[in-house]
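Take a look at the letters that make up each chain.
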Amino acid sequence: MTLVQLEYIVAVDTYRSFVGAAEKCFVTQPTLSMQVQKLEEMLNVKIFDRSKQPVVPTEIGTQIIEQARLVLQESQKIKEIISDQQQEVTGELKVGIIPTVAPYLLPKVIAAMMEKYPDLNLVIWEYTTEDIIHHLKTGVLDCGIMATPLGDNGVAETPLYYENFVTYISKNSKLHKKKAIDADDLEDENIWLLNEGHCMRSQVLNICRSTKQNRLQGLTYNTGSVETLIRMVDMNNGATLLPELALEELSSRQLSKVRHFKSPEPVREISLVTHKNFIKKRMLNALKEEILAVVPKTMKQKKKKDVVGI
């Protein structure tokens, strides 16, 4: 039994395809299949049910793969010990980030990371919260940047900052004349929302204390883009809620449509999330430091803020 064979069965389980697993492992499909078959022959069990598409593990295969993930995680600690001893930040860090954080945080962070750590290979994907959690548990991702708390014992959360929600209101709304908004003020507004699967949608609904969507007759609009929500308010009236970092992208005309909430302001907690057995701690600390370096000081404190659940 070899670590390579364990890597291959984990890859097949992750991508549910021998072809896809081979591509991710940078080997040919026959090579990967042969090594998996050798492992099955040595163990005298079938790890995968090849009669099904996509490929799925057998009952015993599921247990073997789970143990293989643990073995691979433990084996990686040897490299981490060496990196810690040499005080180096090297290797690959696979990061998942929710789309409502990525455009406002990552550009500055990536630039700093690339300059300070030339031997670090950052691989970044934008995913929904559900996908990030799944990929953390299957080993596709090393860490996630996302809204918390999650209430999941299988992952560890390290809070980074607390970002205010603000309202973005059409100039034709009666609320436009107000200097500050209370959540109850939004009860009669047409609220533009992100589509299902985005945690910010759930948070906005929690703030508004309802499950309504925009009520423009004959229209159901699904989007995963905060920028699209802004344009919908600009062109079609109504209101939406924005994360505070998004304000840096707005024009002076658009900023005139922003209204803050009365204290305590609703905020989202943004954290670094890892699998509970995460081992690339030096890389994670480097990423954490760069994020905190670009976040305003006011966002690093939780005092007088109301963290909205997901």
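Our structure is the block above this text.
If you're wondering where the values come from, they're calculated on a predicted model, not measured in any experiment.

## Details of the packing of aromatic side chains
Move 1: This structure, assessed with the given rule, holds 2 aromatic pairs.
Move 2: Aromatic pair Phe18 and Phe48: ring centres 5.9 Å apart, planes at 75°, arrangement edge-to-face. Taken together, the residues span a long stretch of sequence, with Phe18 in helix 2 (residues 18–25) and Phe48 in strand 1 (residues 48–49) at a distance of 30 residues. Both residues of the pair, Phe18 and Phe48, count as buried.
Move 3: Both rings, one in Trp125 and one in Tyr127, keep their centres 6.3 Å apart while their planes meet at 20°; by these two values the pair is stacked.
Move 4: Exposure remark for Trp125: the relative accessible area of 29% places this residue in the partly exposed category.

## A look at the pattern of salt bridges
When their charged atoms lie close together, side chains carrying opposite charge are able to pair.
Move 1: Overall, the coordinates contain 11 salt bridges when judged by the stated rule.
Move 2: Across the pair Glu290 and Lys116 runs a salt bridge, and its minimum N-O distance is 3.0 Å. With Glu290 in helix 10 (residues 281–294) and Lys116 in helix 5 (residues 102–116), the pair connects residues that are 174 residues apart, well separated along the chain.
Move 3: Residue Arg268 is joined to Glu163 by a salt bridge in which the shortest nitrogen-to-oxygen separation is 2.9 Å. Of this pair, Arg268 sits in strand 10 (residues 265–275) while Glu163 sits in strand 6 (residues 155–169); the two residues are 105 residues apart in sequence, bridging distant segments of the chain.
Move 4: Salt bridges here are not isolated pairs; linked through shared partners, they connect Asp13, Arg16 and Arg69.

## Topic: a nonpolar patch on the surface
Move 1: Taken together, the side chains of Met1, Met42 and Leu43 present a nonpolar region at the surface, about 290 Å² in accessible area.
Move 2: Note on placement: Met42 falls in helix 3 (residues 29–43).
Move 3: By relative accessible area, Met42 is classed as partly exposed at 45%.

## Considering the nonpolar core
The tendency in soluble globular proteins is for nonpolar side chains to be buried side by side.
Move 1: Residues Ile145, Tyr161, Leu287 and Ile291 are the most contacted members of the largest nonpolar core, which totals 70 residues.
Move 2: Per-element tally for this core: the top contributor is strand 6, with 7 residues.

## So, the state of the cysteines
Move 1: Taken as a whole and assessed by the stated rule, the structure comprises 0 disulfides.
Move 2: Cys143 forms no disulfide, and the closest cysteine sulfur to it belongs to Cys199, at a distance of 16 Å.
Move 3: The exposure class assigned to Cys143 is buried, which follows from its relative accessible area of 0%.

## Looking at unusual backbone geometry
Move 1: Omega for the peptide link from Thr148 to Pro149 comes to 5°, which places this bond in the cis form.
Move 2: Mapped onto the elements, Pro149 comes out in the loop between strand 5 (143–148) and strand 6.
Move 3: For the bond from Ser263 to Pro264, the omega torsion is 0°, close enough to zero to count as cis.
Move 4: For Lys304, which is not glycine, the phi dihedral falls at a positive 60°.
Move 5: Structurally, Lys304 is set in the loop between helix 10 and strand 11 (305–307).
Move 6: By relative accessible area, which is 65% here, Lys304 ends up exposed.

Conventions we followed
Residues numbered from 1 in each chain as written. Predicted model: local features only at pLDDT ≥ 70, side-chain atom pairs only at ≥ 80, totals over all residues. Heavy atoms only, no water. Phe/Tyr/Trp six-rings, centres within 6.5 Å; stacked < 30°, edge-to-face > 60°. Helix = DSSP H or I, 4+ residues; strand = E, 2+ residues; numbered from the N terminus. Buried < 20%, exposed > 50% of the residue type's maximum accessible area, 1.4 Å probe, protein only. Salt bridge = Lys/Arg side-chain N within 4 Å of Asp/Glu carboxyl O. Patch = residues over 30% accessible without salt bridge, like charges linked within 9 Å, V, L, I, M, F, W, Y side chains within 5 Å. Areas by Shrake-Rupley, 256 points an atom, 1.4 Å probe, with all protein chains shown as cover. Core = buried A, V, L, I, M, F, W, Y, C linked by side-chain atoms within 4.5 Å. Disulfide = S-S within 2.5 Å.

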